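Breakdown of the fold
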Amino acid sequence: MAAPKALVALSGGVDSAVAAILMQEQGYDLIGVTMRLWPKSRCCDEKDIEDAAEVCARLKIPYQILDYREAFRQQVVDVFVAEYQAGRTPNPCARCNQFLKFDALLEEGKKLGATILGTGHYARLQETPSGMSLLRGEDAAKDQSYFLFALNAGLLPQLCFPVGEMNKDAVRAIARRHGLPVAAKQDSQDICFVPDGDYRRFLADYAGLDMEQEGEMVDSSGQVIGHHSGTLNFTVGQRKGLGGGNGQPRYVLALDPVRNQVRVGSENELYQPQAYLQDCNWLTPLSASDEHPVTVKLRYRSRPEPGLLLLKEDGRAEIRFHEAQRAITPGQAAVCYQGERLIGGGWISSAHGV
């Protein structure tokens, strides 16, 4: 019987390299692929491609480089720019997974006769009577399920996350045992297409945006209390660059690029008891007539917070938290769990109303 053919997505890092090793040991007939996404990035640059190619050479598996630069620009980078222009704070990694990586690679796999796609994500899959479930990675410090909330549930049976049951030390140990040059390679951090981490510089240089459009700074009642240097320079919860009010620090409560206003207030005003979501995706069937107990991550590194999830008929949703949450930020993903199981989530539209 022929071994099942599978694609393994290689970023040039240690996690995906070890995923390839484990899949090969499990008997898969592998093809390694790397997506070329951006000319200068923290992920999948020329050095990463060289490292991925060497991994494939050591494993004696074929290797292909796929050019997705234009699709990445349209579906991730240009959306990133548009979100900031609209006064939201985007999450390009989750959007890349949603609109590009998994769908595109599974389609490429079909052309090559592969039925499975493996990646180095720290997440787990579990077969249940109701279908395949997506779980948090075993290593809480490395868990990446947050970025996978928008995957099509129908794709889960075609996916493989070999390192999801492991911690980082165990992954590096396997790489060292196999003599891989990426065994000690550092993880990529932050936004891959903003190499220096300065999103403001990126918006100015790549998109040619004018970052210095002075406008009004208003308090929570709408009273003008000063001026700001441009809404693009701020995000919800930010304190830097606002000055103080009667000796008390100010924080960004909301951005209004249409009026070119930054609304500010006290830290207490940052806390809200609910979040409203749009463009939701659910990996398990949920009734719109029920309140669903969930824990919710409002950012990748945030602690899961308990609340109730209420689905709307139009695909939107509301989360009512047990305790008010700080700096609920439009444009970020709110990702919902029940225990270890990721049930889905959506993009935050507001903390005040849909």
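Note that this is a predicted model, so its numbers are computed, not measured.

**Focus on the overall build of the chain**
Helices and strands together make up the secondary structure of the chain, namely six helices and 19 strands. In terms of C-alpha radius of gyration, the chain reaches 22 Å, essentially the compact-globule figure of 20 Å for 354 residues. Each of the three principal axes of the chain carries a C-alpha extent, and together these read 75 × 50 × 35 Å. With 354 residues in all, the chain has 54% of them scored as buried. Within the chain, contacts between residues at least 6 apart in sequence are counted, and of these 66% link residues at least 24 apart. Per element, the accessible surface of the chain, about 16,300 Å² overall, is 47% carbon and sulfur. Distance between charge centres in the chain, computed from 38 positive and 44 negative side chains, equals 3 Å.

**Focus: the pairing of strand S9 (residues 224–228)**
Bridge count between strand S8 (residues 215–218) and S9: four bridges; the pairing is antiparallel. Note that in S9 the partner of glutamate 216 across the bridge is histidine 227. Taking the residues that link successive antiparallel strands as the turn, the S8-S9 hairpin has five residues, and the phi of glycine 222 there is positive, at about 95°.

**Focus on the nonpolar core**
The biggest cluster of nonpolar side chains holds 53 residues, and the ones touching the most others in it are Phe72, Phe193 and Leu203. Only strand S1 (5–9), strand S2 (29–36), helix H3 (69–85), helix H4 (92–111), helix H6 (199–207), strand S18 (333–338) and strand S19 (341–350) provide two or more residues apiece to this core. If sequence neighbours within four positions are ignored, phenylalanine 72 has contacts with Leu37, Trp38, Val77, Cys96, Leu100, Cys192 and Phe193. Of all hydrophobic cores here, the second largest spans 28 residues; its members include Met23, Ala52, Ile116 and Ala175.

**Observations regarding the side chain of asparagine 281**
Positionally, asparagine 281 belongs in strand S14 (residues 271–282). At a separation of 2.9 Å, a polar atom in the side chain of asparagine 281 contacts the main-chain carbonyl oxygen of phenylalanine 149. Looking at asparagine 281, its side chain comes within polar contact range of the main-chain oxygen of leucine 151, at 2.8 Å. Among residues more than four places away in sequence, those in contact with asparagine 281 are Phe149, Ala150, Leu151, Ile343, Gly344 and Gly345.

**As for the sheet that holds strand S3 (residues 63–67)**
The five strands lie next to each other as S3-S2-S1-S4-S7, forming an open sheet whose pairing is parallel. Looking at the sheet topology across the chains shown, the edges are occupied by S3 and strand S7 (159–160). Pairing geometry for strand S4 (residues 116–118) and S7, over two bridges, is parallel. Paired with leucine 117 across the two strands is leucine 159, which belongs to S7. Contacting S1, S2, S4 and S7, helix H1 (residues 14–25) crosses the sheet at an angle of about 165° to S1.

**Focus on the pattern of salt bridges**
Evaluated as defined, the whole model comprises 26 salt bridges. Ionic pairing is found between aspartate 67 and arginine 69, a salt bridge with its closest N-O pair at 2.7 Å. A salt bridge links aspartate 187 to lysine 142; the nearest nitrogen and oxygen atoms lie 2.8 Å apart. One end of the pair, aspartate 187, is in the loop between helix H5 (168–177) and H6; the other, lysine 142, is in the loop between strand S6 (131–136) and S7, and 45 residues separate them in sequence. Residue lysine 142 is classed as buried on the basis of its relative accessible area, which comes to 18%. Connected through salt bridges with shared partners, the residues Asp15, Lys142, Lys168, Arg172 and Asp187 form a single ionic network.

About the criteria used
Residues numbered from 1 in each chain as written. Predicted model: local features only at pLDDT ≥ 70, side-chain atom pairs only at ≥ 80, totals over all residues. Heavy atoms only, no water. Helix = DSSP H or I, 4+ residues; strand = E, 2+ residues; numbered from the N terminus. Rg over C-alpha atoms; globule rule 2.2 N^0.38 Å. Buried < 20%, exposed > 50% of the residue type's maximum accessible area, 1.4 Å probe, protein only. Contact = heavy atoms within 4.5 Å. Areas by Shrake-Rupley, 256 points an atom, 1.4 Å probe, with all protein chains shown as cover. Lys, Arg positive; Asp, Glu negative; His and termini not counted. Charge placed at Lys NZ, Arg CZ, Asp CG, Glu CD. Pairing = 2+ DSSP bridges. Core = buried A, V, L, I, M, F, W, Y, C linked by side-chain atoms within 4.5 Å. Polar contact = N/O pair within 3.5 Å; in protein donor to acceptor, adjacent residues only side chain to side chain. Axes fitted to C-alpha atoms, helices over the stretch in contact; angles between N-to-C directions. Salt bridge = Lys/Arg side-chain N within 4 Å of Asp/Glu carboxyl O.

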